[in-house]
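Residues per chain are reported as follows:
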Amino acid sequence: HGSTTIAGVNGQYVESDSISLNAANINKESINNGLTITGSANYWFWYGAQQSVTQTIKTVDDNGNTITQIRVVSGTSGSGTTYDQLIIGSNSQQDYNVSLRYDFSIPSQPNYHYAADLNSPSLTVDYTYVPPMDAATQTALLDLNKEIKDELKDVSSIEIKEEVKVISSTDTMTTETVKTDTVSTDTTKDQTSTTSLSETKDDQGATSVVSTSNQSETQEEKTENKEPESNTATTSENQEKESNTQGTQEKSEVASLNTTMDKIDANVKDIGKNLEMKNQALHSALIDNSLILSYQIPFYKERKIYENQIDIRDNRILYANTSLVSYTQNDPVYQKEKILYNIKIQKQKLLNEIQVLKNG
């Protein structure tokens, strides 16, 4: 229909070129602040048969990720406007490519132009201009980001040592060594603190757990010659030491994370950048789940609400000799609509033939 109206055909589509927002003079800072993309067009269902127009707003970021917003308008006659919005919130992308597409469907008329007429398609991007950052601020942020990453690496690389100690056994006992992780907080050469566990089995197959603490070379020799006083007391002592060790590690991680957050608040005044860098720091600190797993508390407590339920499904076939197709074919309302539809088709063909004869 000329240069202003699109003549729809079943199964066909029309699509705009993909437009870069950077090429349209929208800078990264403005994109990162969020934007709204609006698509619209005028349509006219002129033929009278069931049909639809599908509008698709499509965006592709500079990493190749695609976001679409789809709006379907259907009917048999009449006109209107396809209007929809795709909203992109705060982000860290450099650029987006946007495009607009319309698909036509009229199943009863698969050939030629029987689908909707379409005109005045529009694609609009609304955003708030944010001036670009000066070079000095960008350099300062890059340096701060590098410093934060280095500190996070230090947090995740807490030194864990494995110390194994074998306790002397008598002729009637065998010794099996069990490893335990301890955190060394004193690096002096004169005195170290380590913990080790040993399982001892006697001739009757009984097993006991022994915990030893090494404070110096002289104390080590004395400890090796002593036998465990009680299995219960030893196990309790070992659990307490492991709990203290774990608590020391958690406090170290939390203190380092708080220091990092304070540095971000002191150096980054922009709210968006501040929150973004804090999220990155928190994500890096929790990536090994050490803070979460240390609590050992279930998020939800298991509770069975429905128990011993019987099967209440009804598997009987209510209409064994009737299908939807056979029922529809014998329905008076359907038969009347079918006759009216055939009359409308014949009328349209006659009108087309008259139009051709008029044009000679």
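Structure: see above.
Residues numbered from 1 in each chain as written. Predicted model: local features only at pLDDT ≥ 70, side-chain atom pairs only at ≥ 80, totals over all residues. Heavy atoms only, no water.

Q: I tried to follow unusual backbone geometry on my own but got confused; where do I start?
A: For residues that are not glycine, phi is negative in most cases, and the peptide bond is trans in most cases. Of note in the backbone geometry, Asn25 takes a positive phi value of approximately 65° without being a glycine. Structurally, Asn25 can be placed in the loop between strand 3 (19–20) and helix 1 (28–32). On the accessibility criterion, Asn25 (68% relative accessible area) is exposed. One non-glycine residue, Tyr112, lies in positive phi territory at about 65°. Looking at the element boundaries, Tyr112 is found in the loop between strand 8 (96–105) and strand 9 (117–127). (Helix = DSSP H or I, 4+ residues; strand = E, 2+ residues; numbered from the N terminus. Buried < 20%, exposed > 50% of the residue type's maximum accessible area, 1.4 Å probe, protein only.)

Q: Can you walk me through the layout of surface pockets in this structure?
A: Here the idea is plain: a probe the size of a water molecule rolls over the atoms and shows the empty space left. By volume, the largest pocket is sized at about 760 Å³. Lining the largest pocket are 22 residues, and of these Lys28, Asn32, Met133, Lys273 and Glu276 sit closest to its centre. Counting residues per element, the ones that place at least two in the lining of the largest pocket are helix 1, helix 2 (135–156) and helix 5 (271–286). If you tally residues by element for the lining of the largest pocket, the top one is helix 5, at 7 residues. (1 Å grid on protein atoms, 1.4 Å probe; cavity = no way out; pocket = protein on both sides within 12 Å on 5 of 7 lines; lining within 4 Å. Points joined across faces, edges and corners; volume = space filled by probe spheres on them.)

Q: Honestly, the sheet that holds strand 1 (residues 5–7) in this entry has me stumped. Any pointers?
A: Across a sheet, paired strands are connected by hydrogen bonds in the backbone, their directions being either parallel or antiparallel. Overall, antiparallel pairing links the 4 strands, which are arranged 1-9-4-7 in an open sheet. A single partner strand is all that each edge strand has here, and the edge strands are strand 1 and strand 7 (78–88). Neighbour to neighbour, the strand axes of the sheet diverge by 30° on average, direction disregarded. When strand 4 (residues 35–45) meets strand 9, the two strands line up antiparallel, connected through 9 bridges. (Pairing = 2+ DSSP bridges. Axes fitted to C-alpha atoms, helices over the stretch in contact; angles between N-to-C directions.)

Q: Before we go on, may I ask you to explain the pattern of salt bridges in this structure?
A: Charged atoms that come close allow side chains of opposite charge to pair. Under the criterion given, the structure shown has 4 salt bridges. Among the salt bridges present, the one from Arg71 reaches Asp84, with a minimum N-O distance of 3.3 Å. One end of the pair, Arg71, is in strand 6 (residues 66–75); the other, Asp84, is in strand 7, and 13 residues separate them in sequence. By relative accessible area, which is 6% here, Asp84 ends up buried. Residue Asp103 pairs with Arg101 through a salt bridge whose shortest N-O separation is 2.9 Å. Each of Glu15, Arg101 and Asp103 takes part in one network of salt bridges that share partners. (Salt bridge = Lys/Arg side-chain N within 4 Å of Asp/Glu carboxyl O.)

Q: Please clarify how the side chain of Gln93 should be interpreted in this entry.
A: In this fold, Gln93 is placed in the loop between strand 7 and strand 8. At 2.7 Å, the side chain of Gln93 and the side chain of Asp62 are in polar contact. Once residues within four sequence positions are removed from consideration, Gln93 is found in contact with Lys28, Ile31, Asn32, Asp61, Asp62 and Asn63. (Polar contact = N/O pair within 3.5 Å; in protein donor to acceptor, adjacent residues only side chain to side chain. Contact = heavy atoms within 4.5 Å.)

Q: Help me understand the packing of aromatic side chains in this model?
A: Scanning the entire structure with this criterion turns up 4 aromatic pairs. Aromatic pair Trp46 and Tyr114: ring centres 6.3 Å apart, planes at 20°, arrangement stacked. One end of the pair, Trp46, is in the loop between strand 4 and strand 5 (51–61); the other, Tyr114, is in the loop between strand 8 and strand 9, with 68 residues separating them in the sequence. Judged by centre distance (4.9 Å) and plane angle (70°), the rings of Tyr47 and Tyr114 are edge-to-face. Here Tyr114 lies in the loop between strand 8 and strand 9 and Tyr47 lies in the loop between strand 4 and strand 5, a separation of 67 residues in the sequence. Counting every residue linked through ring pairs, the aromatic cluster contains Trp46, Tyr47 and Tyr114. The ring of Tyr13 is capped by Arg101, whose NZ or CZ atom sits 3.7 Å from the centre of that ring. (Phe/Tyr/Trp six-rings, centres within 6.5 Å; stacked < 30°, edge-to-face > 60°. Lys NZ or Arg CZ within 6 Å of the ring centre and 35° of its normal.)

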